[in-house]
Amino acid sequence: MKTKDTLPWQDTPAESERIVSAITRIASVLRSGTWQFATTEGLNPTQVDILEALRSRQTGVRLSWIAQHLGVTAASASDSIASLTAKGLIKKGRDSEDGRAVALRLTKSGQDLAAKISNSVGFAHEAVSGLPSSTQDALFKSLLALIGRLQQSDRFPEIRACVTCKYFAVNRHSDSETPHHCMLVDAPLSVSLLRLDCPEHDQAQTVVAVQNWRELESV
Ligand code: SF4
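In this report, we go over the structure that sits alongside the text. (Residues numbered from 1 in each chain as written. Predicted model: local features only at pLDDT ≥ 70, side-chain atom pairs only at ≥ 80, totals over all residues. Heavy atoms only, no water.)

**Topic: the overall build of the protein**
When its secondary structure is counted, the protein shows eight helices and five strands. By principal-axis analysis of the C-alpha atoms, the protein measures approximately 70 × 50 × 30 Å. In the protein, buried positions account for 32% of the 219 residues. Partitioning the contacts of the protein with sequence separation of at least 6, the portion at a separation of at least 24 is 55%. Split by element, the accessible area of the protein, about 13800 Å² in all, is 54% carbon and sulfur. (Helix = DSSP H or I, 4+ residues; strand = E, 2+ residues; numbered from the N terminus. Buried < 20%, exposed > 50% of the residue type's maximum accessible area, 1.4 Å probe, protein only. Contact = heavy atoms within 4.5 Å. Areas by Shrake-Rupley, 256 points an atom, 1.4 Å probe, with all protein chains shown as cover.)

Here you go:
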C-alpha cells in the first residue's frame, strides 16, 4: 500500500530492465514494419530476413550459413528457402569455394524485392537520422557494446562485423575521431563507419575478437 512517505521512483524497475524493455519495444515496432511488408508481398518474416541477408552476398551462401546467421534451425531455413525458390526469388548454383556444395543467390526479382525491404522500416531510419550525430555515435557504440556482451555469452549469432574481423585493428590511431583501422583497405575507421555486416569480413581468432570487444567497450 502506498503511503505519503512512498517515493515516486521506489517502484521504478532497474535501469538494465528499462533498457531491455526499451529495446524490446523498439524491436517490436520494427518487426511490425517488416510484418506489413512481408504480408503485402506474401512472405513470412524469416523469408524477408533471408532476402535481406542474401542481398549483400552476390557470390552466394550455403543453407547452413543462413540458418546460423538468422539463428533459426536448418529445417526452418530450408522450408523458407524452398518457398522463395518456388517464387522465383532465389536460385541455386555451385558454391565458388566447393563445387560439390550448393550456394544460394538472389534472382533479379529477388534483388528487386530485397531492395525494397529497408523501406519497410523507413520510419525508423528517419527517427534515428533526426538525432544529433553525437547521439547517433553514442547509441551505435552502446548497441555494439551490448552485441559484444551477448556474443561473448553465446546469445547472439555470428555477425560479419568489423570487431570480429581479422582485418580490424582496434584503437590503432591516436586520433580520437578515427581510432580504428581496416587493414584490408588500409584505411582508418571512425566508430560511425564500423560495419555490422561486411562482405569482405574474415573471422578473427576468438581470442582477438574478444579482446576487440573489450577494448571497444572501454573507450
Ligand atoms: S574487411 Fe570489412 S569487416 Fe573487416 S575490418 Fe575491413 S571493413 Fe571491417
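**Quick notes on the site of the ligand**
Every residue close to the ligand is listed here: Cys162, Cys165, Tyr167, Phe168, Cys182, Leu184, Cys198 and Glu200. Across the shell around the ligand, the residue classes break down as seven nonpolar, no polar and one charged. (Near = heavy atom within 4 Å. Nonpolar A, V, L, I, M, F, W, Y, C, P; charged D, E, K, R; others polar.)

**Notes on the layout of surface pockets**
The calculated volume of the largest pocket comes to roughly 2500 Å³. At the level of elements, helix H1 (15-41), helix H2 (45-55), helix H3 (63-70), helix H6 (122-129) and helix H7 (133-152) are the ones that each hand at least two residues to the lining of the largest pocket. Per element, the largest residue contribution to the lining of the largest pocket is eleven residues, and it comes from H7. Domain assignment of the residues forming the lining of the largest pocket places at least three in each of domain 1 (15-121) and domain 2 (132-218). (1 Å grid on protein atoms, 1.4 Å probe; cavity = no way out; pocket = protein on both sides within 12 Å on 5 of 7 lines; lining within 4 Å. Points joined across faces, edges and corners; volume = space filled by probe spheres on them. Domains from an automatic or database assignment.)

**Some thoughts on the sheet that holds strand S5 (residues 187-189)**
Here we have three strands laid out as an open sheet, ordered S3-S4-S5, and antiparallel in their pairing. Bordering the open sheet on either side are strand S3 (168-169) and S5, each of which pairs with just one other strand. (Pairing = 2+ DSSP bridges.)

**Examining unusual backbone geometry**
Positive phi, close to 45°, is recorded for Asn171, a residue that is not glycine. If you trace the backbone, Asn171 turns up in the loop between S3 and strand S4 (180-182). With a phi angle near 50°, Asp186 is a residue other than glycine that sits in the positive phi range. Its location among the elements puts Asp186 in the loop between S4 and S5. Under the relative-accessibility criterion, Asp186 is labelled exposed at 60%.

**Some points on the pattern of salt bridges**
Scanning the model with the defined rule gives six salt bridges in all. A salt bridge links Asp197 to Arg160; the shortest N-O distance between them is 3.8 Å. You can see Asp197 sitting in the loop between S5 and helix H8 (206-218) and its partner Arg160 sitting in the loop between H7 and S3, a full 37 residues away along the chain. Put simply, Asp202 and Lys166 hold a salt bridge, and the shortest N to O gap is 3.4 Å. Here Asp202 is found in the loop between S5 and H8, whereas its partner Lys166 is found in the loop between H7 and S3, with 36 residues between them in sequence. A single network of salt bridges, built from pairs that share partners, joins Arg57, Arg160 and Asp197. (Salt bridge = Lys/Arg side-chain N within 4 Å of Asp/Glu carboxyl O.)

**Considering a nonpolar patch on the surface**
Taken together, Ile19, Ile23, Val128, Leu131, Leu139, Leu143, Leu146 and Leu150 make up a surface patch of nonpolar side chains, about 570 Å² in accessible area. Where the nonpolar patch is concerned, the elements lending two or more residues are H1 and H7. Assignment of secondary structure puts Ile19 in helix H1. (Patch = residues over 30% accessible without salt bridge, like charges linked within 9 Å, V, L, I, M, F, W, Y side chains within 5 Å.)

**Some points on the packing of H2 against H3**
Where H2 meets H3, the axes come as close as 11 Å, and the angle between the chain directions of the two elements is 110°. Taken together, the axis directions place H2 and H3 in an arrangement best described as roughly perpendicular. Crossing of H2 over H3 shows right-handed handedness. Judged by residue contacts, Thr46, Asp49, Ile50, Ala53 and Leu54 of H2 engage Trp65, Ile66, His69 and Leu70 from H3. Its residues assigned to classes, the contact of H2 with H3 shows six nonpolar, two polar and one charged. (Axes fitted to C-alpha atoms, helices over the stretch in contact; angles between N-to-C directions. Parallel < 35°, antiparallel > 145°, perpendicular 65-115°, else oblique. Left-handed = near helix turned anticlockwise from the far one by under 90°.)

Geometric descriptors of this kind do not, in isolation, establish any biological role.
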